[in-house]
Amino acid sequence: MPIIIPYVPSTITVHLGLPDQWAENVTVSFPDYVKNVASSEIYPTWEPAAIRANILAIISFALNRVYTEFYPSRGYDFQITSTTQYDQKFIRGRNIFENISQMVDEIFNDYIRRQGYVEPLAAKFCNGTTSTCDGLSQWGSQDLAQEGANSMEILRHYYGNDIELVVDAPIQDITASYPGTPLRLGSVAQNVTVVQAMINRISQNYPAIPKISPVTGVFEEDTRDAVLSFQRIFNLVPDGVVGKATWYKMVYLYSGILQLAELVSQGQQFVAVEFQFAGPLEEGDSGPEVGILQYMLALLAQFDNSLPPMTVDGNFGPATTQAVRTYQQLVGLTPNGSVDETTWNSIYSNFALADYFLRRDTVRAQSLRQDAVPVLFQESATPAPGVERWDDTPRMGQYPGRPLELGQRDQTNEPEGVKV
């Protein structure tokens, strides 16, 4: 899926009817949407663990719709509908229960996913009495809570033991995955990597589309040929350019093939990029290799303020020279501003680590802060008095600023008994 790192939208547009039926669209804040659905779907008198489990399912399902661009990729101008026939129950103007409102305010940017997958889980559910499904039973969750199960135990009971909780997801305005300008021969960007990854997966089901290898983020002849084949098969204008129509056709097919919007899916994993040293680079050079260099430096600059912001234009100018020189000074290489194999491999090594840690969400929540989501202790740990036992929770992480090597361990001030 094009949106590699899921986020919580600040607002969400709800279609007040069936997808193909004319109805009004309303845009509300995401927390208000979750409060409305939760107040429409469950009872405020239920056990807190059951309420929390149901809210997390509601959040995750809605985020899956946003992440997969389920409706926009089909040409609609909304993110979700108000009907349980397709989505979740939303009633405009309904009253919101106070305890549900308070809990949503605490956890509206938390969601569940399967371990190793990117997308929020399409956490489907039913009431468990008049209707049943493969997902969560709402009344069943209340029964489990009354038996002493916490919210994650409830969710794992219905969705499987490979469910994990992501907390403190980033919040931003809804952003269309389409980059805004067509991608064509000579383009160098992460969005090219996304196109290449989508085409390679789609080609497994449509062998007439040639695979692109390696995936480099550079739009070369092999990518253009694959795009042309894709366009011809799906009756798009065969120009070899990835414009908006081609992009969203890829999104639609890619999400459908992997069943990303289904409870049982093949799962979206993190896109790997293979950048190999192609020869020395210095000021005055231009071409795809320079673009790749700039792309790596641009990502590293997001994690180290010492590195200047980088424009990816494929031209090795003074700004690129300065960025390379600054990088070389930071890592102890000769700061000559030119890129030999040693400098390239060093940049790539740190780029790969930054990219990995950004995408794999390996940093855990700061669980001991007073304003944080409740502490998630390991099973072997002894929780503090009055603290519910939970499992570890990863959260969106950032590159720690230095390479991690075998034998290193975190420096923490956590109390004894908490396993890190």
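An account of the accompanying structure is given in this report. Numbering of residues begins from 1 in every chain and follows the order in which that chain's sequence is written. Residues qualify for local features only when their pLDDT is at least 70, as the model is predicted, and side-chain atom pairs are given and counted only at 80 or more; totals for whole chains, interfaces and linings, by contrast, use all residues. Hydrogen atoms and water are omitted, and side-chain values are computed over all heavy atoms in the structure.

### A few points about the overall build of the protein
Line of reasoning, step 1. When helices and strands are counted, the protein shows 11 helices and 11 strands.
Line of reasoning, step 2. Burial here depends on accessible area, computed with a 1.4 Å probe over protein chains only, as a share of the maximum for the residue type. Under 20% is buried, over 50% is exposed, and the range in between is partly exposed. Within the protein, the proportion of its 420 residues that are buried is 53%.
Line of reasoning, step 3. In this analysis, two residues are considered to be in contact whenever any of their non-hydrogen atoms come within 4.5 Å of each other. By sequence separation, contacts in the protein at least 24 residues apart represent 66% of the contacts at least 6 residues apart.
Line of reasoning, step 4. Here the open area of atoms and residues is found with the Shrake-Rupley method and a 1.4 Å probe, where only the protein chains shown may cover a residue. As displayed, the protein has an accessible area near 19,600 Å², and 47% of this comes from carbon and sulfur atoms. Elements are defined by DSSP. Helices are runs of H or I of four residues or more, strands are runs of E of two residues or more, and each kind is numbered from the N terminus.

### Details of unusual backbone geometry
Line of reasoning, step 1. Backbone geometry at E69 places phi at a positive 50°, although glycine is not the residue there.
Line of reasoning, step 2. Among the secondary structure elements, E69 is positioned in the loop between α2 (48–67) and β4 (80–81).

### A closer look at the packing of α2 against helix α3 (residues 98–107)
Line of reasoning, step 1. For helices, the fitted axis covers only the stretch in contact; all axes are lines through C-alpha atoms, and the angles between them, taken along N-to-C directions, range from 0 to 180 degrees. Between α2 and α3, the shortest axis-to-axis distance is 10 Å and the interhelical angle comes to 55°. As judged from the angle between their axes, α2 and α3 are oblique. Note on packing geometry: the crossing formed by α2 with α3 is right-handed. Residues P48, I51, R52, I55, L56 and I59 of α2 touch α3, and the partners they reach there are N99, I100, M103, V104, E106 and I107.
Line of reasoning, step 2. Only Asp, Glu, Lys and Arg are considered charged in this grouping, and only Ala, Val, Leu, Ile, Met, Phe, Trp, Tyr, Cys and Pro are considered nonpolar; every other residue, Gly among them, is considered polar. Split into classes, the residues belonging to the contact of α2 with α3 amount to 9 nonpolar, 1 polar and 2 charged. Each angle receives one of four descriptions, namely roughly parallel if under 35 degrees, roughly antiparallel if over 145, roughly perpendicular if within 65 to 115, and oblique otherwise. If you view the pair so one helix is near and one far, a crossing is left-handed when the near helix is turned anticlockwise from the far one by less than a right angle, and right-handed when it is turned clockwise.

### Quick word on helix α6 (residues 190–205)
Line of reasoning, step 1. Expected helix span is computed as 1.5 Å times (number of residues minus one). An ideal rise of 1.5 Å per residue puts 22 Å on 16 residues; α6 measures up with 24 Å between its terminal C-alpha atoms.
Line of reasoning, step 2. Most of α6 sits inside the fold, with 12 of its 16 residues counted as buried.
Line of reasoning, step 3. Here α6 has its buried residues at V192, T193, V194, V195, Q196, A197, M198, I199, N200, R201, I202 and S203.

### Some thoughts on the packing of aromatic side chains
The description of an aromatic ring pair rests on the distance of the ring centres and on the angle between the ring planes.
Line of reasoning, step 1. When the centres of two rings from Phe, Tyr and Trp lie within 6.5 Å, Trp using its six-membered ring, the rings pair. Their planes under 30 degrees apart give stacked, over 60 give edge-to-face, and anything left gives tilted. In total, this model carries 12 aromatic pairs according to the counting rule given.
Line of reasoning, step 2. Taken together, a centroid distance of 5.7 Å and an interplanar angle of 45° make the contact between Y43 and W46 tilted.
Line of reasoning, step 3. The exposure class assigned to Y43 is partly exposed, which follows from its relative accessible area of 45%.
Line of reasoning, step 4. Residue classification places W46 among the buried positions, given a relative accessible area of 6%.
Line of reasoning, step 5. When the centroid spacing of 4.9 Å and the interplanar angle of 65° are considered together, the rings of W46 and W139 count as edge-to-face. Linking W46 in the loop between α1 (30–41) and α2 with W139 in helix α4 (residues 138–146), this pair joins segments that are 93 residues apart in sequence.
Line of reasoning, step 6. Residue class for W139 comes out partly exposed when judged on its relative accessible area of 35%.
Line of reasoning, step 7. Linked through ring pairs, F70, Y71, Y76 and F78 together constitute an aromatic cluster.

### Digging into the pattern of salt bridges
Line of reasoning, step 1. Salt bridges are identified by distance alone: a Lys or Arg side-chain nitrogen within 4 Å of an Asp or Glu carboxyl oxygen. As enumerated under the stated definition, the model contains 7 salt bridges in all.
Line of reasoning, step 2. Between E164 and R113 there is a salt bridge, and its shortest N-O distance comes to 2.7 Å. Of the two residues, E164 sits in strand β8 (residues 163–166) while R113 sits in strand β5 (residues 111–114), which places them 51 residues apart along the sequence.
Line of reasoning, step 3. Between D225 and R224 there is a salt bridge, with its nearest N and O atoms 3.8 Å apart.
Line of reasoning, step 4. For D225, a relative accessible area of 36% gives the class partly exposed.
Line of reasoning, step 5. Overall, R224 belongs to the partly exposed group, its relative accessible area being 29%.

### Comments concerning a negative patch on the surface
Line of reasoning, step 1. Together, E220, E221, D222 and E289 give the surface a local cluster of negative charge.
Line of reasoning, step 2. Taking relative accessible area as the criterion, D222 reaches 30% and is therefore assigned partly exposed. Each patch is assembled from residues with relative accessible area greater than 30% and no salt bridge, linking like charges that lie within 9 Å and nonpolar side chains (Val, Leu, Ile, Met, Phe, Trp, Tyr) that lie within 5 Å. Charged-residue counts in this description rest on Lys and Arg as positive and Asp and Glu as negative, His and the chain ends being excluded. To locate a charge, take atom NZ for lysine, CZ for arginine, CG for aspartate or CD for glutamate.

### A closer look at the nonpolar core
Line of reasoning, step 1. Buried Ala, Val, Leu, Ile, Met, Phe, Trp, Tyr and Cys residues form a nonpolar core when they are joined through side-chain atoms within 4.5 Å. Among the nonpolar cores identified, the biggest contains 52 residues, and F30, Y33, I55, I112, I154 and Y159 are the most heavily contacted of them.
Line of reasoning, step 2. Here this core gets 13 residues from one element, more than from any other, and that element is α2.
Line of reasoning, step 3. Excluding anything up to four places from it in sequence, Y33 contacts I12, V14, V28, A62, I80, Q88 and F90.

### Details of the environment of E119
Line of reasoning, step 1. On the secondary structure map, E119 appears in the loop between β5 and β6 (125–126).
Line of reasoning, step 2. In this structure the C-alpha to C-alpha distance between E119 and Y67, which are 52 residues apart in sequence, comes to 6.8 Å.

### Notes on the sheet that holds strand β3 (residues 25–29)
Line of reasoning, step 1. What makes two strands pair is DSSP finding at least two bridges between them. With mixed pairing, the 3 strands of this open sheet are ordered in space as β3-β2-β4. At either end of the open sheet lies a strand with only one pairing partner, and these are β3 and β4.
Line of reasoning, step 2. Where strand β2 (residues 11–15) and β3 come together, 5 bridges link them in antiparallel fashion. The partner of I12 across the bridge, within β3, is V28.

### As for the environment of G186
Line of reasoning, step 1. Relative to the elements of secondary structure, G186 occurs in the loop between β9 (171–172) and α6.
Line of reasoning, step 2. Judged by its relative accessible area of 56%, G186 is exposed.
Line of reasoning, step 3. Through-space distance from the C-alpha of G186 to that of G314 is 9.0 Å; in sequence the pair is 128 residues apart.

### Quick word on the packing of α1 against α3
Line of reasoning, step 1. Contact geometry of α1 with α3 gives a least axis separation of 9 Å together with a crossing angle of 140°. The orientation of α1 with respect to α3, classified from their angle, is oblique. Between α1 and α3 the crossing geometry is right-handed. Judged by residue contacts, P31, V34, K35, A38 and S39 of α1 engage I100, S101, V104 and D105 from α3.

### Side note on α2
Line of reasoning, step 1. Between its first and last C-alpha atoms α2 spans 28 Å; for 20 residues at 1.5 Å apiece the expected length is 28 Å, and the two agree.
Line of reasoning, step 2. For α2, a buried count of 19 out of 20 residues is recorded, marking the element as mostly surrounded by other parts of the structure.
Line of reasoning, step 3. Of the residues flanking the end of α2, it is E69, one or two places downstream, whose phi is positive at about 50°.

Shape descriptors only; they carry no functional weight alone.
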